[in-house]
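A closer look at the structure
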Amino acid sequence: MQPIHFQSKEPAPYRDLCTDCGISRSSEPKRCGQACQFIEPKYEHLEIQVHGRNRQVHESDEIFFGPYQNMYQAAMQKPVAGAQWTGITTSLAKKLLHHQLVDGVLTMGQDANDAWRPVPILITQEEDIALARGMKMGYAPLLALLDNAKELGLKKLAVIGIPCQIYALRALEQELGFEKIYVIGTPCSDNTTTENFHEFLSIIDPEPKSITYLEFKANYHVELRYQNGKKKEIPFLMLPLSKLRPDFFPTTCRTCVDYTNSLADITIGYMGGNGEQWVIVRNDRGQELLSLLDGEIKLQAPIDSGKRMGAVKGFMKNTELAAGGLPLRQMPDWLRPIVGWLMPKVGPKGIEFARARVEMKAIETALILRQQMPKKMKHMVPHHIWLLLEKYGITPNPEELPK
Ligand SMILES: Cc1cc2nc3c(=O)[nH]c(=O)nc-3n(C[C@H](O)[C@H](O)[C@H](O)COP(=O)(O)OP(=O)(O)OC[C@H]3O[C@@H](n4cnc5c(N)ncnc54)[C@H](O)[C@@H]3O)c2cc1C
Ligand code: SF4
Ligand code: SF4
């Protein structure tokens, strides 16, 4: 069967905080109340439903990354052309279809006229998986295609998604009526609308349309690739981020709390991969998925070095200043290239880099929600996030805790 693309150009029905995961456009839009991570999420309950247990919050990296059995630095032995990194994510989906372990894969394709714009796609043939490769910027109603999967009578499904999509999927999973769903997650942070992303490209490059690839890498650089095959790396510190509008990143993406997609069976990212990919196997189904790539994937223990505290505190200071409407502490221009060169050498690496990013995101969540939507805090900030914030002196006021 030909792939099914999500078609409607209608805007999503209005919701207060919403990343248009697709539920509001589905046959039962009222399920948003139960499914949304921005309304009244139940991470602890869903961790038990999905993994059979909660994350360990003491003396364990699970407080940062959610429940897991194993973590690896990883790469496909033969990188998949057109993939964001080496294509572990889409290779898993391809194997699932090849071995007929699923009838379809629900994931993100791209718009015919704008390769950066995500368009949900339901794929049933392994040769079509190539349509999903690579990162698109923005969000699109992935879960709206669950209705199509049901109508087609698909029983076993794989879903690849970012955390706010996977949260909603898990919250509704038991009533969706599929026999089996394999859930492949990627981490996600600093997402914004596709329109805003185009604006960003035009700030960093005089020829934004020629950029075909962008990635924020663990070596503190952004990698850009161009239509003519050229590549460029810009140190984070040299990015003109101060030119972005204050509302460039939506409140949703500044305040979501599940950076590493803790409700997936397996998470495929790069943060803890020290320049390669980072795989988190969360449960037995995740292990079953990884085994599909036996002989085709290189796996090794992730490295863990450096100290994150200074970088996280610097981020916290700047987030506090920005939340108070004050100008950011900026490094003098002459110093930036030097620090940009130094960071990959002395900054936290591997798992310590991933911990730093998770803590930064937790800090941003607390400070921005407090400033913009304080009433949401008691529902949206789970217990483990407050535990992470303790060492940075951020503690909840009584009205910020659930009753
Ligand atoms: C907006 C965004 C932010 C991210 N931020 C981080 C981060 O901070 N740290 C980190 O470790 N990883 C992050 N990732 C994940 C990372 O970029 C890679 O997608 C991941 O490492 C998989 O690489 P791969 O080569 O295996 O992927 P591929 O085999 O190329 O497959 C990519 C998969 O991602 C899906 N996808 C692409 N764009 C979107 C989108 N906009 N929405 C939903 N699904 C999409 C595709 O459909 C495909 O299934 C982010 C991904 C996105 C989409
Ligand atoms: S469940 Fe999805 S569609 Fe509904 S409000 Fe939340 S993000 Fe938006
Ligand atoms: S940053 Fe968070 S809210 Fe925004 S798209 Fe990614 S997972 Fe969803």
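Residues numbered from 1 in each chain as written. Chains lettered and ligands numbered in written order. Predicted model: local features only at pLDDT ≥ 70, side-chain atom pairs only at ≥ 80, totals over all residues.

**Section: the sheet that holds strand β3 (residues 104-110)**
The strand order across the open sheet built from nine strands is β1-β4-β3-β5-β6-β10-β11-β2-β12, with neighbouring strands paired in mixed fashion. Each edge of the open sheet is held by one strand with a lone partner, namely β1 (4-5) and β12 (297-300). Strand direction decides the pairing type here: strand β5 (residues 156-161) and strand β6 (residues 180-185), joined by six bridges, are parallel. Residue I160 lies in a different strand from β6, and its bridge partner there is I184. Strand contacts of helix α6 (residues 163-176): β5 and β6, with the helix running at about 160° to β6, the strand carrying the most contacts. (Pairing = 2+ DSSP bridges. Helix = DSSP H or I, 4+ residues; strand = E, 2+ residues; numbered from the N terminus. Contact = placed C-beta atoms within 7 Å. Axes fitted to C-alpha atoms, helices over the stretch in contact; angles between N-to-C directions.)

**A few points about the site of ligand 2**
Among the 13 residues in the neighbourhood of ligand 2, the closest are listed as C18, C21, S24, C32 and C36. Of all the secondary structure elements, the ones that give two or more residues to the shell around ligand 2 are α1 (32-35) and α6. (Near = placed C-beta within 6 Å.)

**A word on the pairing of strand β7 (residues 211-216)**
As judged from the five bridges shared by β7 and strand β8 (residues 221-226), these two strands associate in the antiparallel manner. When the bridges of β8 are listed, F216 appears paired with V222. Following β7, the chain reverses through four residues before pairing antiparallel with β8; Y220 in that reversal takes a positive phi of roughly 65°.

**With respect to the domain arrangement of the chain**
One can read the domain layout of the chain as domain 1 (4-192 + 258-302), domain 2 (193-248) and domain 3 (304-403). Residue composition of the side of domain 1 that touches domain 2, by class: four nonpolar, six polar and two charged. (Domains from an automatic or database assignment. Nonpolar A, V, L, I, M, F, W, Y, C, P; charged D, E, K, R; others polar.)

**A word on the site of ligand 1**
Lining the immediate surroundings of ligand 1 are 32 residues, of which A83, T89, T90, M108 and G269 lie closest. Where the shell around ligand 1 is concerned, the elements lending two or more residues are α4 (88-98), β3, β5, β10 (266-269) and β11 (277-281). With three residues, the single largest contributor to the shell around ligand 1 is α4. Partitioned by chemical class, the residues of the shell around ligand 1 number 16 nonpolar, 14 polar and two charged.

**Observations regarding the packing of helix α10 (residues 309-323) against helix α12 (residues 351-372)**
Interhelical geometry of α10 versus α12 gives an angle of 20° and a closest axis separation of 10 Å. On the basis of the axis angle, α10 is roughly parallel to α12. The hand of the α10/α12 crossing is right-handed. Contacts from A311, V312, F315, M316, T319, E320 and A323 of α10 reach α12 at A356, E359, M360, I363, E364, L367, I368 and Q371. Residues that form the contact of α10 with α12 fall into these classes: 10 nonpolar, two polar and three charged. (Parallel < 35°, antiparallel > 145°, perpendicular 65-115°, else oblique. Left-handed = near helix turned anticlockwise from the far one by under 90°.)

**What about α6?**
The terminal C-alpha atoms of α6, which comprises 14 residues, lie 19 Å apart, in line with the 20 Å expected from a rise of 1.5 Å per residue. At R170, α6 shows its maximal bend, which comes to roughly 35°. Of all the residues in α6, the buried ones are P163, C164, Q165, I166, Y167, A168, L169, R170 and A171. Tucked inside the fold, the buried residues of α6 contact α1, α2 (43-51), β5 and β6. Directly beyond the C-terminal end of α6, a positive phi value near 85° is found at G177. (Expected span 1.5 Å × (residues − 1). Bend = angle between axes of the 7 residues up to and from the residue. Buried ≥ 20, exposed ≤ 12 C-beta atoms within 10 Å, placed from the backbone.)

**Thoughts on unusual backbone geometry**
A positive phi angle, near 50°, is found at E59, a position not held by glycine. Position of E59 relative to the elements: it lies in the loop between α2 and α3 (62-65). With a phi angle near 50°, N274 is a residue other than glycine that sits in the positive phi range. Mapping N274 onto the fold places it in the loop between β10 and β11.

**Things to note about the nonpolar core**
By size, the foremost hydrophobic cluster in this structure holds 91 residues, and its most contacted members are A93, V105, A158, A168, I184, I266 and V279. If one sorts the elements of this core by residue count, α12 sits on top with 10 residues. The two domains that each donate at least three residues to this core are domain 1 (4-192 + 258-302) and domain 3 (304-403). Every residue in contact with A168, bar those within four places of it in the chain, is listed here: C21, I23, A35, C36 and L143. (Core = buried A, V, L, I, M, F, W, Y, C linked by C-beta atoms within 7 Å.)

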